[in-house]
Amino acid sequence: MHFSQRRWLHPIVLFLLAFVSTALGRVQEVHNVLELTGQKASKLRFSTDVATGKYTPPEEMDPQFWYKLADEEIAKRLQLPQPNSDKAKNVIMFLGDGMPLSTVTAARILKGQRQGNTGEESSLSFEKFPYSGLSRTYCANAQVPDSACTATAYLCGVKTNIISIGVSAAVNFNNCTASQDPANRLTSIGKWSQNATKSTGFVTTKKLTHASPCRENTKTANRMWQCDTDVTSYGVDASTCIDMATQLVTQTPGKNFEVMFGGGMGKFLPKTIKDSHGKAGERSDGVNLLSRWQGLHDKGVLVTNRKQLLNLDVSAASSIIGTFQSGLMDFHMDADPTYQPTLSELTEVAIKKLSHNENGYFVFIEGGLIDYGNHYTQAGYALDEALEFEKAIQLAREMTNISDTLIVVTADHGHAMSIAGYPGRGTPILGVNQHDTDINGVKYSVLNYAAGPNQYLDEHGQRIPLDDILGPDDAISPSYIDKEIGVHSGEDVGIWASGPQSHLFTGVMQQSTIPHLMAYASCVGSGKQVCESSRRKT
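So, how was this worked out
Every chain begins its residue count from 1, and numbering advances along the sequence as written. It should be noted that, the model being predicted, local features are given only for residues of pLDDT at least 70 and side-chain atom pairs only at 80 or more, the latter also being counted only at that level, while totals for whole chains, interfaces and linings use all residues. Heavy atoms throughout the structure, all of them, feed into the side-chain values; hydrogens and water do not. UniProt positions are given in the numbering used here, feature names are shortened, and annotations may be inferred rather than shown by experiment. Helix axes are fitted only over the stretch in contact, all axes being lines through C-alpha atoms; the angle between N-to-C directions runs from 0 to 180 degrees. Going along the chain from the N terminus, every DSSP run of H or I of four or more residues is numbered as a helix, and every run of E of two or more is numbered as a strand. Roughly parallel refers to an angle under 35 degrees, roughly antiparallel to one over 145, roughly perpendicular to one between 65 and 115, and oblique to any angle outside these ranges. Crossing chirality is assigned from the near helix's rotation relative to the far helix, an anticlockwise turn below a right angle marking it left-handed and a clockwise turn marking it right-handed. Every residue pair with non-hydrogen atoms within 4.5 Å of one another is taken to be in contact. The nonpolar class holds Ala, Val, Leu, Ile, Met, Phe, Trp, Tyr, Cys and Pro. Asp, Glu, Lys and Arg form the charged class, and all remaining residues, Gly among them, are polar. Only buried residues count toward a nonpolar core. Its members are Ala, Val, Leu, Ile, Met, Phe, Trp, Tyr and Cys residues joined through side-chain atoms within 4.5 Å. With a 1.4 Å probe rolled over the protein chains alone, any residue whose accessible area is under 20% of its type maximum counts as buried; one over 50% counts as exposed, and the rest are partly exposed. Delimitation of the domains relies on an automatic or database domain assignment. The pairing test for Phe, Tyr and Trp rings, Trp by its six-membered ring, is centres within 6.5 Å, and the orientation test on the planes gives stacked under 30 degrees, edge-to-face over 60, and tilted for anything in between. Comment: the charge-over-ring label is applied if NZ (Lys) or CZ (Arg) is within 6 Å of the ring centre and within 35 degrees of the ring normal. Strand pairing is assigned whenever DSSP detects at least two bridges linking the two strands. Pairs of N or O atoms are called polar contacts if they sit within 3.5 Å, as long as, within protein, a hydrogen donor faces a hydrogen acceptor (for residues adjacent in sequence, only side-chain-to-side-chain pairs).

- For the chain, the name recorded in an unreviewed UniProt entry is Alkaline phosphatase, with Drosophila simulans as its organism.
- The UniProt entry for the chain carries this comment under Subcellular location (unreviewed entry): "Cell membrane".
- Taken directly from UniProt, the Catalytic activity (unreviewed entry) text for the chain runs: "a phosphate monoester + H2O = an alcohol + phosphate".

With respect to the packing of helix α4 (residues 63–78) against helix α16 (residues 514–522)
Item 1. Viewed as axis vectors pointing N to C, α4 and α16 meet at an angle of 55 degrees, and their least axial separation amounts to 9 Å. One element, α4, and the other, α16, form an angle in the oblique class. Between α4 and α16 lies a crossing of right-handed hand. Every residue of α16 that contacts α4 at Tyr-67, Ala-70, Ile-74, Arg-77 and Leu-78 is listed here: His-516, Leu-517 and Tyr-520.
Item 2. When grouped by side-chain class, the residues that make up the contact of α4 with α16 number 6 nonpolar, 1 polar and 1 charged.

Details of the nonpolar core
Note on soluble globular proteins: their nonpolar side chains tend to be buried together.
Item 1. Residues Phe-94, Phe-126 and Phe-261 are the most contacted members of the largest nonpolar core, which totals 51 residues.
Item 2. In terms of residues, this core owes the most to one element, helix α15 (residues 379–399), which gives 8 residues.
Item 3. When residues of this core are assigned to domains, at least three map to each of domain 1 (80–416 + 487–535) and domain 2 (425–480).
Item 4. Those residues in contact with Phe-261 that lie beyond four places of it in its chain are Phe-202, Val-203, Thr-204, Leu-208, Leu-309, Ile-320, Ile-321, Gly-322, Phe-324, Leu-346, Val-349 and Ala-350.

Side note on the packing of aromatic side chains
Item 1. Tallied over the full model, the rule gives 10 aromatic pairs.
Item 2. Pairing Phe-331 with Tyr-376 gives two aromatic rings, centres 6.1 Å apart and planes at 75 degrees, and the pair type is edge-to-face. Within this pair, whereas Phe-331 is found in the loop between β6 (320–323) and α13 (343–354), its partner Tyr-376 is found in the loop between α14 (370–375) and α15, the two being separated by 45 residues in sequence. Here the two residues Phe-331 and Tyr-376 agree in accessibility, since each one is buried.
Item 3. Taken together, the aromatic side chains of Phe-94, Phe-126, Phe-389 and Trp-496 make up a single cluster linked through ring pairs.
Item 4. Over the face of the ring belonging to Tyr-138 we find Lys-159, whose NZ or CZ atom lies 3.5 Å from the ring centre.

Overview of unusual backbone geometry
Item 1. Cis geometry marks the peptide bond from Thr-252 to Pro-253, where omega comes out at 5 degrees.
Item 2. Mapped onto the elements of the fold, Pro-253 is located in the loop between α10 (244–250) and β4 (259–263).
Item 3. At Thr-197, a residue that is not glycine, the phi angle is positive and equals roughly 65 degrees.
Item 4. A positive phi is found at Tyr-456, a non-glycine position, where the angle reads about 55 degrees.
Item 5. Here Tyr-456 is to be found in the loop between β13 (447–452) and β14 (479–482).
Item 6. Overall, the relative accessible area of 2% leaves Tyr-456 in the buried class.

Describing the sheet that holds strand β10 (residues 417–419)
Item 1. A sheet is described by the order of its strands in space; here 3 strands give the open sequence β10-β13-β14, paired in mixed fashion. Of all the strands in the sheet, the pair left with one neighbour each is β10 and β14. If you compare each strand with its neighbour and ignore which way they point, the axes differ by 15 degrees on average.
Item 2. Here β10 pairs with β13 via 3 bridges, running antiparallel. Following the sheet pairing, Met-417 is matched in β13 by Tyr-449.
Item 3. Across the sheet, helix α5 (residues 101–114) is in contact with β10 and β13; its angle to β10 comes to roughly 50 degrees.

A short note on the pairing of strand β7 (residues 361–367)
Item 1. β7 sits mainly inside the fold: 7 of its 7 residues count as buried.
Item 2. For strand β1 (residues 90–96) and β7, the ladder comprises 6 bridges, and the chain directions are parallel. Residue Gly-96 lies in a different strand from β7, and its bridge partner there is Gly-367.

Side note on the side chain of Asp-458
Item 1. Here Asp-458 shows up in the loop between β13 and β14.
Item 2. From its side chain, Asp-458 meets the backbone nitrogen of His-460 in a polar contact 2.8 Å long.

What follows is the structure, encoded as structure tokens:
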């Protein structure tokens, strides 16, 4: 687009992007596999040849490389004085999708400003946890990761290639055959916990089949294979390569989850019927996976709205599946509060259900739409989702006993958001920096993105004033590089921990070490366990 068009088109761009991002309350998918694999730049489509994509160090294709590295990182921590040898009966992992430290900081400030304070002095609930550290997020073949390879790291304990889920880095993009090789298939802490007779489940504000929440169960060479129609669209035989929704319902550990809450109802239903939200299903094979799930769980309960969820007797249900939108769940700010449950409400029901198992539980809870707010470069949405996330964490800590429940909070990857320019204390975090200007004397935004849809330039390529644009929660923040959406960033992300063995979640660690630390604390899996250390001492 020519500079002369930008000034006059930017209100239209604002409107269109706001409409796309909300779409009458619907959050739209933004992830592009060609962009993530690097094939968008090379103009190649759906290649499985690693030479056309991104380089993977050969030694990192072996899962044992990452297991050994995790053992070394745990051993270093165990050489330090250990405050206790307590076992975590329960483990709750909270994941803020696309939540860099800049988003944590900005959300903290917004929280304080909503309370009438300057904001900088405020704290999020998980920032009060006694231990914190940093997680290195790169993938086996990507300097900057996506939610698929990162989820494989923090749930399976192995780093893999970008877009891959639950398989080793020996599997290339879209290669179904390699993904089915038993040597390349990984297990998750969800499976390890089930093997230890613990209850398991997951909660997300995205689709149940999305890249982060589905990592406990699925194994796939393409994160977009969420239903059979998706598999076919990538040139792969859906009868041979099982889609993620089918895996979730029919295979372990997915079919044994006692709680599955999120959106994405359409991925489980055929195109010939409408779902509970009035939209047609997405499956081409005619299979109703929700009916199949019901057949596998005699006392299983399906809920699709807030009223059904809150009226549910969790003690009478063997398992619960909640599908609260056809696709992604709505942003909290856009959602009908009488229809869509909040993340806190989902968290409360999940913990109540899983707590019935006296052997304990593992549950994964995701604030998934932080990522989407940042992709849209609509910081107000991202920060509001982060505040909903921290409320759920506070509730979980209040509902559980700190002596037997480990809570770990982290992010999968960052986003290229910055807070810069010396704004004074109390400057509205979603507004304009009133204390500095660019070289042309124009004030600029407190929050900026490296890439995104709007640079706010006039016909001469110069920045325009933003005082009448920024401020509303749904405003689009400025960006430097012109792209349809914002992009992930590759810096380390935070880890915060509270409960038994939380002292181990300090320092800088590989993201793939996180599930091994949780397994150590809860005495599951085949690696080191605190229970073994306790037995040796006695």
